[in-house]
Number of protein chains: 4
Amino acid sequence: MKHQALREQVLEANLEVLRRGLVLYTFGNASGIDRSSGIVAIKPSGVPYEGMQASDIVLVDLEGNVVEGALRPSSDCPTHLELYRAFSQVGGIVHTHSRAATSWAQACCEIPCFGTTHADYFHGPVPVTDLLTQEEIDSGYEHHTGKLIIRAFAGLDPFHTPAVLVAGHAPFCWGKTPADAAHIAVVLEEIAAIALNTLAIDPQAEPLPLRLHDKHFYRKHGPRAYYGQK
Amino acid sequence: MKHQALREQVLEANLEVLRRGLVLYTFGNASGIDRSSGIVAIKPSGVPYEGMQASDIVLVDLEGNVVEGALRPSSDCPTHLELYRAFSQVGGIVHTHSRAATSWAQACCEIPCFGTTHADYFHGPVPVTDLLTQEEIDSGYEHHTGKLIIRAFAGLDPFHTPAVLVAGHAPFCWGKTPADAAHIAVVLEEIAAIALNTLAIDPQAEPLPLRLHDKHFYRKHGPRAYYGQK
Amino acid sequence: MKHQALREQVLEANLEVLRRGLVLYTFGNASGIDRSSGIVAIKPSGVPYEGMQASDIVLVDLEGNVVEGALRPSSDCPTHLELYRAFSQVGGIVHTHSRAATSWAQACCEIPCFGTTHADYFHGPVPVTDLLTQEEIDSGYEHHTGKLIIRAFAGLDPFHTPAVLVAGHAPFCWGKTPADAAHIAVVLEEIAAIALNTLAIDPQAEPLPLRLHDKHFYRKHGPRAYYGQK
Amino acid sequence: MKHQALREQVLEANLEVLRRGLVLYTFGNASGIDRSSGIVAIKPSGVPYEGMQASDIVLVDLEGNVVEGALRPSSDCPTHLELYRAFSQVGGIVHTHSRAATSWAQACCEIPCFGTTHADYFHGPVPVTDLLTQEEIDSGYEHHTGKLIIRAFAGLDPFHTPAVLVAGHAPFCWGKTPADAAHIAVVLEEIAAIALNTLAIDPQAEPLPLRLHDKHFYRKHGPRAYYGQK
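Owing to the predicted nature of the structure, the values given are computational and were not obtained by experimental measurement. (Residues numbered from 1 in each chain as written. Chains lettered and ligands numbered in written order. Predicted model: local features only at pLDDT ≥ 70, side-chain atom pairs only at ≥ 80, totals over all residues. Heavy atoms only, no water.)

Student: Which parts of the structure should I look at to understand the overall build of chain A?
Tutor: Along its length, chain A carries eight helices and seven strands. Its C-alpha atoms give chain A a radius of gyration of 17 Å, within 12% of the compact-globule value 17 Å for 230 residues. Across its three principal axes, chain A shows a C-alpha extent of roughly 50 × 45 × 35 Å. Within chain A, buried positions represent 59% of all 230 residues. As displayed, chain A has an accessible area near 8300 Å², and 53% of this comes from carbon and sulfur atoms. In chain A, 18 side chains carry a positive charge and 25 a negative one; their mean positions are 7 Å apart. (Helix = DSSP H or I, 4+ residues; strand = E, 2+ residues; numbered from the N terminus. Rg over C-alpha atoms; globule rule 2.2 N^0.38 Å. Buried < 20%, exposed > 50% of the residue type's maximum accessible area, 1.4 Å probe, protein only. Areas by Shrake-Rupley, 256 points an atom, 1.4 Å probe, with all protein chains shown as cover. Lys, Arg positive; Asp, Glu negative; His and termini not counted. Charge placed at Lys NZ, Arg CZ, Asp CG, Glu CD.)

Next up, the structure:
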């Protein structure tokens, strides 16, 4: 079987969001890409996480043709492919309907940066897309969902803001690897829940001042980072 | 023992809502029907889920006569029977008092479709019934609860909206099998929790536009569905 | 060791509230009484639940004298004794600081009956006491907490409303046995959480009409009950 | 390896906040001090809790020089050191981003004492600091975070209020030992969640009257305490 290591990484990212309580039954999907061959490994469509094997992961090329796999790829596959094509450094993508993040997506509200937990991972608010038009839905719903996300990132660095809320739908998260993308999905859910509580305590809560936002983000990211073991 | 397979399916649906945290102690009940014989298998009344066996499941006919079983059927059995008689394609029914869904029922509020998680399972809001009158309570409370639900579904396809909130009480969910009904009960709880959060973020949140609602529902249901493995 | 069966029941009630997530560390306490001898078995003060043994349970008489036990009884013991003296049918008492019920106690708000889950267990709202005066605090805080509860039950049947919220503090629950009291504590926490959500959906939510409240309560309690296995 | 007992205590405090669900991945950190030698043991920076060993714990002196350890100490180490220098009785410090407590920190709101659960552990509200200025951030962010906390404690006894919310960030908690600090972190999270719910039930909820606040605090603390086994 081809791309065994990639399959294992993608399986593991899928299982991580299950273990962390971010997905129910067949909700959500994780994928990863091998940039040298342009092969994407992705969760099969509508298959439960429990009992999933690396051999169930479907391999597709960047145009969406199945390269290897007995199962059909996730119905959201065209969204993943659109993102892999647009964000050339992205190595893994995770989509969930996790409770708090999905609530913000349903409210069509970006998540403001209310604190350092957010600033440790995201520079600026977690953006929310527009709603798709009828025309976009009719001419490739999942493909246009990808385009919508890319439009929302005009002028943004996808690694400074490694997640997005698709309006009326749910989050997509990414990273250099499938494991990074799953990590972002877990942290996003926590940040979304804390932001929700923050508004409940003070509906007029102010975003974190930019000086603290910058400090925390650049403590962990970029050339002057000093968090972690280097 | 008769209808062993049906008993096992009904036991499993009861255990699924326990495992997913939707029921406490003896709360709730799941049932299933064998349409060829008209036999309904249902949880016994007031018996804890822990330690329940397939042999504890009670068999009744569609008039509610016990056909086999040492225990009394769930006190909500007449509601289940009413639904089986009215919705001829339904094969399983699950009733829980799960936290978020019950909160909407207590507020006597339908759950608006705020996003695609909802639209993947329900076409339109999850409806709420009226409150029973004194006369209805006096002449067969559980039986009239079933009638109330059927009244709330005038003009609705029960498979397009496979759940209802009984006002002041809690949800009933259904499907082609007991497992499907339990699956709907789990998803409904999640949708209810996300909808509650959505309102907390924006009390004026708008329902999902119909074009997106239709897209998601028909992506998973009906002749043009393409979600899953066929 | 005396009253081994009672000790085991009290230990088990203490462990049940731990398993159900109602207590942290040394929070809360459960007790039981042997009415024939007037002996009360109660959790020791400030001892963690993990690793607790039946032999750690302290035996006291109804005046609070330790009859057997190397440890000091719960500091809330005088409250338990006051309730055992006043409510002669009560066989077990459980006190927790469970999250949602304590929130209502802190808001000094009774829990309205918003639905049938509540009505299945409590006839009427779960009452809240007054706040203790300085004089009452100075002349036996825990003892006067018991008196406060009894005052709140003037005209109420303690088995129709087997729990109370002590204002600014937390709930006390009771039943015919320690197991019943623990069961009530678990259900009260669920009801309190659902009531909180109900208000979040509709701040003007109305209590359940009395006709439905009565129907559900008397379906499970009293001579015409038909819920359960008799 | 030096200070093996201290390392074990610090490891255990780190694991306790993981077990209790207060930290995700590498979030948070716990430390302890040996006052006789002035050696502080602290979690390494950016290392996951799962699989952490006592040998991973880093030893530093009170000026922050690494005394023993292959890994870099937590990036928050200067904050811990500032607190150990200012609060001479403190033996352990725990920092988390636990959900409810962080929500209060993000709202830049102290946690009012709404009930006895709070009063059992904290005399008065849990204070919130100011926000750091640009100058403070530039001249040693983590060091100035410590100074900020100390400023917020002018006139307060750190053992009467063993936690603080750093505005826009998250809580720091302390105690006589690392285990005590972890215990406070767990209880603070519970208190923060209950306070949040209390406001949801009644946005005008009043703090607990001082007479009850004092009674509960001094029932557990100081020369007249009578809670626990002495």
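Next comes the rest of the description.
Student: Where do I start with the nonpolar core in this structure?
Tutor: The nonpolar side chains of a soluble globular protein tend to be buried with one another. Counting residues in hydrophobic clusters, the biggest one holds 191 residues, and the most contacted among them are Ile 111 of chain A, Trp 104 and Ile 111 of chain B, Trp 104 and Ile 111 of chain C together with Trp 104 and Ile 111 of chain D. Dropping the residues within four chain positions of it, Trp 104 of chain D is found in contact with Ile 201 of chain A together with Cys 109, Glu 110, Ile 111, Pro 112, Leu 165, Ala 192, Ala 195, Leu 196 and Leu 199 of chain D. (Core = buried A, V, L, I, M, F, W, Y, C linked by side-chain atoms within 4.5 Å. Contact = heavy atoms within 4.5 Å.)

Student: Just checking my understanding: could you explain the sheet that holds strand 5 (residues 92-95) of chain D for this structure?
Tutor: Strand pairs in the sheet, formed through backbone hydrogen bonds, run parallel or antiparallel to each other. Residues and elements named next belong to chain D. Taken together, the seven strands give an open sheet; going across it, the order is 4-3-2-1-5-7-6, and neighbouring strands pair in antiparallel fashion. Of all the strands in the sheet, the pair left with one neighbour each is strand 4 (66-68) and strand 6 (163-165). The average undirected angle you get between the axes of adjacent strands in this sheet is 25°. Here strand 1 (residues 29-34) pairs with strand 5 via four bridges, running antiparallel. Paired with Ala 30 across the two strands is Val 94, which belongs to strand 5. (Pairing = 2+ DSSP bridges. Axes fitted to C-alpha atoms, helices over the stretch in contact; angles between N-to-C directions.)

Student: Which parts of the structure should I look at to understand the interface of chain D and chain A?
Tutor: It is common to report an interface's size as the accessible area lost on association of the parts. Contact with chain D, which involves 32 residues of that partner, is made by 33 residues of chain A. Here chain D and chain A share an interface that buries about 3000 Å² over both sides, 55% of which is from carbon and sulfur atoms. Inspection of the region where chain D meets chain A yields three salt bridges. Here Arg 99 of chain D and Glu 190 of chain A are joined by a salt bridge, their closest N and O atoms 2.8 Å apart. (Buried area = accessible area lost by both parts, 1.4 Å probe. Salt bridge = Lys/Arg side-chain N within 4 Å of Asp/Glu carboxyl O.)

Student: Whenever I open this one, the interface of chain B and chain C confuses me. Can you help?
Tutor: Listed as interface residues are 32 residues of chain B and, on the opposing side, 33 residues of chain C. Across the interface of chain B and chain C, roughly 3000 Å² is buried in total on both sides, 55% from carbon and sulfur atoms. Across the contact surface, chain B and chain C share three salt bridges. Breaking the side of chain B that touches chain C down by element, the ones donating at least two residues are helix 3 (99-106), helix 5 (134-138) and helix 6 (141-152) of chain B. The dominant element in the side of chain B that touches chain C, judged by the number of residues it contributes, is helix 3 of chain B, at six residues. Grouping the amino acids of the side of chain B that touches chain C by side-chain chemistry returns 15 nonpolar, twelve polar and five charged. (Nonpolar A, V, L, I, M, F, W, Y, C, P; charged D, E, K, R; others polar.)

Student: Is there a simple way to think about the packing of helix 2 (residues 77-86) of chain C against helix 6 (residues 141-152) of chain C in this case?
Tutor: Any two packed helices are characterised by how steeply their axes cross, that is the angle between the axes, and by the distance between the axes. Residue and element names in this part refer to chain C. The interhelical angle for the contact between helix 2 and helix 6, taken along N-to-C directions, is 40°, at an axis separation of 7 Å. Crossing angle aside, the handedness with which helix 2 passes helix 6 is right-handed. Facing helix 2, whose interface residues are Pro 78, Thr 79, Glu 82, Leu 83, Arg 85 and Ala 86, helix 6 presents Glu 142, His 143, Thr 145, Gly 146, Lys 147, Ile 149 and Ile 150. (Left-handed = near helix turned anticlockwise from the far one by under 90°.)

Student: Help me understand the pattern of salt bridges, please; the structure alone is not making it clear to me.
Tutor: Once their charged atoms are close, side chains differing in charge can pair, the charge on each being opposite to the other. Under the definition given, this model contains 40 salt bridges over all chains. In this structure, Arg 219 of chain A and Asp 76 of chain D form a salt bridge, with 3.2 Å as the shortest nitrogen-oxygen distance. Of the two residues, Arg 219 of chain A is situated in helix 8 (residues 210-220) and Asp 76 of chain D in the loop between strand 4 and helix 2 (77-86); the pairing between them involves two chains. Look at Arg 219 of chain A and you get buried, because its relative accessible area is 3%. Asp 76 of chain D gets classed as buried once you look at its relative accessible area, which sits at 6%. In this structure, Arg 219 of chain C engages Glu 142 of chain B in a salt bridge whose closest nitrogen and oxygen atoms are separated by 2.7 Å. Of the two residues, Arg 219 of chain C sits in helix 8 (residues 210-220) while Glu 142 of chain B sits in helix 6, which places them in two different chains. Since its relative accessible area comes to 7%, Glu 142 of chain B is described here as buried.

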